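Reading the structure
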Amino acid sequence: MPDLLSEAFEQVQEDVDSAFDAFLPVPQDTRARLVEAMRYAVIGGGKRVRPLLVCATAKLFGVDRDAAIAAGCAVEAIHCYSLIHDDLPCMDDDDLRHGKPTLHKVYDEATAVLAGDCLHALAFDILSMQGTSSDPFVRSELIATLARASGHDGMAGGQMMDIVSDEQEYDLGQVTRLQQLKTGALLAASVEMGAILGRVPPEGRTHLRAYARDIGLAFQIADDLLDVEGDEQKAGKALRKDEGQGKQTFVTLMGRDKARAQAEMLVGQAGEHLSSYGEDARVLVELARFVVERDR
């Protein structure tokens, strides 16, 4: 990973952990177990790709770093809640996440459900705070953007399509749509929210949306390749599950070589969408490259 991107990841990880620590003080009553579970889910885990997308996009438009971190935490809270619920026995039934036991294994299923619910609520609480933006119209648009990306027209809708995929024969177009919702929607929202903080009007975000769309698909193709070729120790989670469940993926539909070539093409295209920003967009361009070269 290039030094610039490594430094950007390290800084955003530190800032996000610090912000979540402040957002989630442990109460001195019987809610403590719930908040401790929330902290377990959001502090000290994951690469923080989504908060970095928010921050790197916001920086293009001179947005205050603390505001961008707050918005990034909101997206990360939604992402982490979805992982908690995905890992439950009623969904993917996973024992490991980011190399450590899943939340329901450390606590219990009921606490895991509540922790996920509360992280969902926390995301919108953060976006409603004046510290995220003093402009109520900006706060409102941030909330609407993340809500759409999280629900039936976004991440949750994609998860439903994934759940029923073993009963369906999805073609490439349907798999692409599934992944645009399940994985791509939050990535796209992260970029969009950085631009919203920068008060970029909707008509001025077309190239940013195109960048986000391309890295969202590249991210999922890389995930599918990792599921087939990856090392479970590095990934920190169970692999080879899609194949075992007979699910259609970019790899099963395109083959490894074509899937890899498609991801490379998308990354190159993503960088071209940001060419007008020059060196200012270097973190975003390198992040697109990281998406297909990561090993976890």
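Below is a short write-up of the structure.

Procedures and definitions
- Residues numbered from 1 in each chain as written.
- Predicted model: local features only at pLDDT ≥ 70, side-chain atom pairs only at ≥ 80, totals over all residues.
- Heavy atoms only, no water.
- Core = buried A, V, L, I, M, F, W, Y, C linked by side-chain atoms within 4.5 Å.
- Buried < 20%, exposed > 50% of the residue type's maximum accessible area, 1.4 Å probe, protein only.
- Helix = DSSP H or I, 4+ residues; strand = E, 2+ residues; numbered from the N terminus.
- Contact = heavy atoms within 4.5 Å.
- Expected span 1.5 Å × (residues − 1).
- Polar contact = N/O pair within 3.5 Å; in protein donor to acceptor, adjacent residues only side chain to side chain.
- Disulfide = S-S within 2.5 Å.

Glancing now at the nonpolar core. Side chains that are nonpolar tend, in soluble globular proteins, to be buried together. Core analysis: the biggest nonpolar cluster contains 89 residues, and L53, L146 and Y211 have the highest contact counts within it. Sorting elements by how many residues they give to this core places helix α4 (residues 65–87) first, with 13 residues. Dropping the residues within four chain positions of it, L146 is found in contact with A74, V75, I78, A123, F124, L127, L186 and M193.

The next subject is helix α6 (residues 109–128). Between its terminal C-alpha atoms α6 stretches 29 Å, which fits the 28 Å expected from 20 residues at 1.5 Å a residue. Along α6, the positions that sit buried rather than exposed are T111, A112, A115, G116, L119, L122, A123, F124, I126 and L127. Where the residues of α6 are buried, they touch α1 (3–23), α2 (32–42), α4, α5 (103–106), α7 (136–150) and α9 (172–197). The N-cap of α6, judged by a side-chain oxygen 3.1 Å from the amide nitrogen of A110 a few residues on, is D108.

A few words now on the side chain of S190. Tracing the sequence through the fold places S190 in helix α9. Judged by its relative accessible area of 0%, S190 falls in the buried class. A polar contact is formed between the side chain of S190 and the backbone oxygen of L186, at a distance of 2.8 Å. Apart from the residues within four sequence positions on either side, S190 is in contact with R50, L53, V54 and V75.

Let's shift gears to the state of the cysteines. The final tally for this structure, using the stated rule, is 0 disulfides. In this structure C118 is a free cysteine whose sulfur lies 14 Å from that of C80, the closest cysteine sulfur available. On the basis of relative accessible area, C118 is assigned to the partly exposed category, the value being 26%.

It is worth stressing that arrangement in space is one thing and function is another; only the former is reported here.
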